[in-house]
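Okay, here's what each chain looks like letter by letter:
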Amino acid sequence: MPWQPLSDWTHRHVLDLAAFSLDDYATVLELAQRFRSLPSGGARRLPALQGRLMTTLFFEPSTRTRSSFELAAKRLSADVLSFAPSASSLSKGESLLDTARTYVAMGAELLVVRHRCAGVPAGLAAALDRAGERVAVLNAGDGLHSHPSQGLLDLFTLARHFNPVAPTPAALRGRRIVIVGDVLHSRVARSNLWALTACGAEVVLCGPPTLLPAAFAAFVAAPPPGQARDPVAARGPLRLVRSLEEALAGADAVMTLRLQKERMHQHLLSGLESYHRLYGLSHERLRSCAEAVPVLHPGPVNRGVEMTGDLLDDADRCLVQEQVLNGIPVRMALLYLLASGLTAV
Ligand code: NCD
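Residues numbered from 1 in each chain as written. Predicted model: local features only at pLDDT ≥ 70, side-chain atom pairs only at ≥ 80, totals over all residues. Heavy atoms only, no water.

1. Here we look at the pattern of salt bridges
Consideration 1: A complete count under the given rule lists eleven salt bridges for this structure.
Consideration 2: The residue E202 makes a salt bridge to R239 at a minimum N-O spacing of 3.2 Å. Of this pair, E202 sits in strand β6 (residues 202–206) while R239 sits in strand β7 (residues 238–241), and the two are 37 residues apart along the sequence.
Consideration 3: Note on E202: relative accessible area 17%, which makes it buried.
Consideration 4: Measuring nitrogen to oxygen at the nearest pair gives 3.2 Å for the salt bridge that ties R285 to E245. Residue R285 is found in the loop between α8 (272–279) and β9 (295–296), and its partner E245 is found in helix α7 (residues 244–248); the two are separated by 40 residues along the sequence. (Salt bridge = Lys/Arg side-chain N within 4 Å of Asp/Glu carboxyl O. Helix = DSSP H or I, 4+ residues; strand = E, 2+ residues; numbered from the N terminus. Buried < 20%, exposed > 50% of the residue type's maximum accessible area, 1.4 Å probe, protein only.)

2. A few points about helix α6 (residues 187–198)
Consideration 1: Under the 1.5 Å per step criterion, the end-to-end length of α6 is 17 Å for twelve residues, consistent within 8% with the ideal 16 Å.
Consideration 2: Within α6, twelve of the twelve residues are buried, leaving the element largely enclosed by the surrounding structure.
Consideration 3: Within α6 the residues assigned to the buried category are R187, V188, A189, R190, S191, N192, L193, W194, A195, L196, T197 and A198.
Consideration 4: Looking at where α6 begins, the residue whose side-chain oxygen comes 3.3 Å from the main-chain nitrogen of V188 is S186.
Consideration 5: Looking one or two places after α6, you find G200, whose phi comes out positive at around 85 degrees. (Expected span 1.5 Å × (residues − 1). Polar contact = N/O pair within 3.5 Å; in protein donor to acceptor, adjacent residues only side chain to side chain.)

3. Some remarks on the pairing of strand β4 (residues 136–142)
Consideration 1: The element β4 is extensively covered by neighbouring structure, given that seven of its seven residues are classed as buried.
Consideration 2: The pairing of strand β3 (residues 108–115) with β4 spans five bridges and is parallel. For L110, the partnering residue across the bridge sits in β4 and is A136.
Consideration 3: Note that the unit made of β3, helix α4 (residues 120–130) and β4 has a crossover that is right-handed. (Pairing = 2+ DSSP bridges. Right-handed = clockwise from strand over helix to strand, strands pointing away.)

4. Quick notes on the site of the ligand
Consideration 1: By nearness alone, every residue bordering the ligand is listed as R64, T65, R114, H147, Q150, R187, V188, R258, Q260, P298, G299 and P300.
Consideration 2: Q150 is positioned with one of its side-chain polar atoms (N or O) 3.2 Å from a nitrogen atom of the ligand.
Consideration 3: At 2.9 Å from a nitrogen atom of the ligand is found a main-chain nitrogen or oxygen belonging to P298.
Consideration 4: Contact with the protein chains hides 94% of the accessible area of the ligand, taken as 320 Å² for the molecule alone.
Consideration 5: Mapped by element, the contributors of at least two residues to the shell around the ligand are α2 (64–75) and α6. (Near = heavy atom within 4 Å. Areas by Shrake-Rupley, 256 points an atom, 1.4 Å probe, with all protein chains shown as cover.)

5. Details of the side chain of Q150
Consideration 1: Within the secondary structure layout, Q150 lies in helix α5 (residues 148–162).
Consideration 2: Excluding anything up to four places from it in sequence, Q150 contacts V188, P298, Q323 and R331. (Contact = heavy atoms within 4.5 Å.)

6. Details of the domain arrangement of the chain
Consideration 1: We note that the domain assignment places domain 1 (17–146 + 327–344) and domain 2 (148–323) within the chain.
Consideration 2: Averaged C-alpha coordinates put domain 1 and domain 2 at centres separated by 25 Å.
Consideration 3: Listed as interface residues are 32 residues of domain 1 and, on the opposing side, 36 residues of domain 2.
Consideration 4: Together, the buried faces of domain 1 and domain 2 total about 2,700 Å²; carbon and sulfur atoms form 62% of this surface.
Consideration 5: Joining domain 1 to domain 2, the criterion identifies two salt bridges.
Consideration 6: With a shortest N-O distance of 2.7 Å, E60 and R187 are connected by a salt bridge.
Consideration 7: Between domain 1 and domain 2 we count eight residue pairs in polar contact (both at pLDDT 80 or more) in total.
Consideration 8: For the side of domain 1 that touches domain 2, the secondary-structure elements that each account for two or more residues are α1 (22–36), α2, β3, β4 and α10 (320–343).
Consideration 9: The element contributing the most residues to the side of domain 1 that touches domain 2 is α1, with eight residues.
Consideration 10: Residue composition of the side of domain 1 that touches domain 2, by class: 15 nonpolar, ten polar and seven charged. (Domains from an automatic or database assignment. Buried area = accessible area lost by both parts, 1.4 Å probe. Nonpolar A, V, L, I, M, F, W, Y, C, P; charged D, E, K, R; others polar.)

Have a look at this one:
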């Protein structure tokens, strides 16, 4: 595929969107749009990654992210290996780094890693760099920290919604995006905050104090520890409101997040029904914003908690399936960019 990147792509790994510049977002969206518009059917596979090996190392459950990465790699003709922790030598005490190096010894160049602890993909990337291995690590979700490919596919979905012909970062500028729900436990929300504010969107966070601490209002104010500077010169504003009605007024899109029950050990809620009453989305609740305002959710959805089943099934309003579909070209773009970087001299 003759394609010249819009700008220099300098990332060896993709670990956190806090490190992405506006050019990086533009590059990923442009390439994703190209992959998205390829005809589906017979000629689905592109030869770009022929002979290259991608391994998914998922130490935490996943339905869509792992399948999406695997499909993306296959559409680029890569070989794919999938690591299953319970059936592996991890149960015999092999360390995570040694496990990863086993796959590297087999020729894996692209390691897609999910772990319940924040920082594991970054730690692995650093250790492999120190060992002189030519591999790229893609963070597929680490604890509460980051989920860059989800943030990028959400960005792509929104950009396509606002400007189907040219889904660039500029499509987000000045748009008001509401993120409602369990922000505290959401690596998806954190990645979206970096991506959306970078593109000049106004982000309104909404949720109860136990799931949305006030400190989130300053989330993008400074780069994370270990990163010297913010590569984005001017970010869109970030606000925090407690009332859903107030948040929805003037919204251009609403993203709701899964209530992460498995990460809640501190009884942060009085009950799912009262949560749904206050923060759950429904057609009725959305009456306070314009008809065309779409609803996004990274999945998996707790039906009837974050939103009603009716809303989830309303494809005119709810972009959940569109997000799943867009995940494939976005991950193709990431794999393509990282693999190209590994072969460049
Ligand atoms: C998310 C995740 O695992 O971080 N799901 C996903 O990747 N689409 C969100 C979640 O688990 O709630």
